[in-house]
Amino acid sequence: MNLHHTSNKFKLFEPEVSLTNKLKHLRNVLEAFPLEIDREDTEMYLHSLIKLVAYAKLFSHEDPLPLAAAHLALGLVYVVKKSYWKQGEHHSSEAVVHAENVLTSKEQINTLIESYYLMGFCRLKLGKTGEALEATTAARNCIEELGYLGHKPNCPDLEYKIAVLAAWCSPSRLQLLQESLECQGPPDKNAYIHLMIAQYYRDNKNINDALKSAKQALNLANQFEDVAMQADATRYLAECYIESPGHGCVEEGLLLFRKSIALYTTHFSGLDLSTLSTNDLLINALIKQEMYDEAVEELKAVKEAKILKFGEFSKQMADFYKQLGSLYLIQSRTKEALSVFKSSLSILNVIQTKPNSVTTSIRNTIKSLEANKTEKPAFKLYSKVS
């Protein structure tokens, strides 16, 4: 969301506006939020939503729905834009608490359904499968309640998404996902189900079936020319190939990672989390194959994008410098390794309140290098992006 072009919507913070107008205006703003996410303006967007939550609290005794909607919007941005599952779970839980107080309209029940769905999604990401299933069950109960009122969820795909999430959380998830495919739904939705089935096979070390399902997902994505889905399926297929022991699979995986990065960059941007995370997967795959020269070049190529996305003094940049330092050590580029390890440590000293095992390891590596001791520290400490 570009606030520079929508500043008129934020006049609700001015004290001369009446309470009735403030509540009405706040609802209008909240309804617009999900449609105005700007992928390059996340921090400003988050800051504005945090202000909205604080503002809505002042009037929640009059109408708790704006506060529920504000928490839901904030949770969605944390999840979609930053992959912060804990914050997403927290704000969706808050949204549920406030939305449950006012179950008298379609609008209120829809807010509750979306909040339960986000809560279930975050809990699944956090490994809380049982609690995720509880949240999706609650969402489905709310959909039934809407049906009693003669309504449908606001989002046409929401009921479908909740059903698939519930299937994933179920102990019988493979069977339920396969049954979903038999319903012959739209190709874009079936593509994602094939990816979920592929994930199930990967979790159970069945890489051959995972490859088959990932290829089916990519074939469907190519049929309806959804670039985002093509990028997701291509990346997932690349991960499967990298894990496959077959001849030529690694080369195919690396090729597909690069293709996926190009698709994400075209559809989103080079600063999008999907693009940057796929770059990380490519770099880690190169490291695993001991292709260190290529890994260094790929890592250096994303430096500016990461600085623009996360800021110079961020955990992501500290991880970047320590990974680059470990690669320089393997290449016996000791002077360059010392320089980037110092960069990593200087960032950690700023952003952390107290040292931890990572800071201690980097500090010890720096001391060793400065003392001209060339033993390579354990590479496993630095080989992957955290």
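Residues numbered from 1 in each chain as written. Predicted model: local features only at pLDDT ≥ 70, side-chain atom pairs only at ≥ 80, totals over all residues. Heavy atoms only, no water.

Looking now at the environment of Glu-159. Among the secondary structure elements, Glu-159 is positioned in helix α7 (residues 158–169). Sequence separation between Glu-159 and Arg-140 is 19 residues, and the spatial gap between their C-alpha atoms is 7.7 Å. (Helix = DSSP H or I, 4+ residues; strand = E, 2+ residues; numbered from the N terminus.)

Its 17 residues place the ends of helix α11 (residues 227–243) 24 Å apart at the C-alpha level, agreeing with the 24 Å of an ideal helix rising 1.5 Å per residue. Of all 17 residues in α11, 15 are buried, a share of seventy percent or more. Capping of α11 at its N-terminal end is provided by Asp-226; its side-chain oxygen lies 3.1 Å from the backbone amide nitrogen of Ala-228. (Expected span 1.5 Å × (residues − 1). Buried < 20%, exposed > 50% of the residue type's maximum accessible area, 1.4 Å probe, protein only. Polar contact = N/O pair within 3.5 Å; in protein donor to acceptor, adjacent residues only side chain to side chain.)

Okay, unusual backbone geometry next. For Lys-205, which is not a glycine, the phi torsion comes out positive at approximately 60 degrees. With respect to the helices and strands, Lys-205 occurs in the loop between α9 (187–203) and α10 (207–224). You can call Lys-205 exposed: its relative accessible area is 77%. A positive phi angle, near 60 degrees, is found at Glu-290, a position not held by glycine. When you line up the elements, Glu-290 lands in the loop between α13 (273–288) and α14 (292–301). Looking at Glu-290, the relative accessible area reads 59%, which means it is exposed.

Another aspect to go through is the confidence of the model for the protein chain. Taken over all residues, the pLDDT of the protein chain has a mean of 82, while the share at 70 or more is 81%. Considering each helix and strand of the protein chain separately, the mean pLDDT is smallest for helix α1 (residues 19–32), with a value of 56, and largest for α14, with 96. Below pLDDT 50 for its whole length, residues 34–39 participates in 16 contacts with residues either more than four positions away or in separate chains. Low confidence marks residues 377–386, where pLDDT is under 50. Its contacts with residues over four positions away, or in another chain, come to 27 contacts. (pLDDT = per-residue confidence, 0-100. Contact = heavy atoms within 4.5 Å.)

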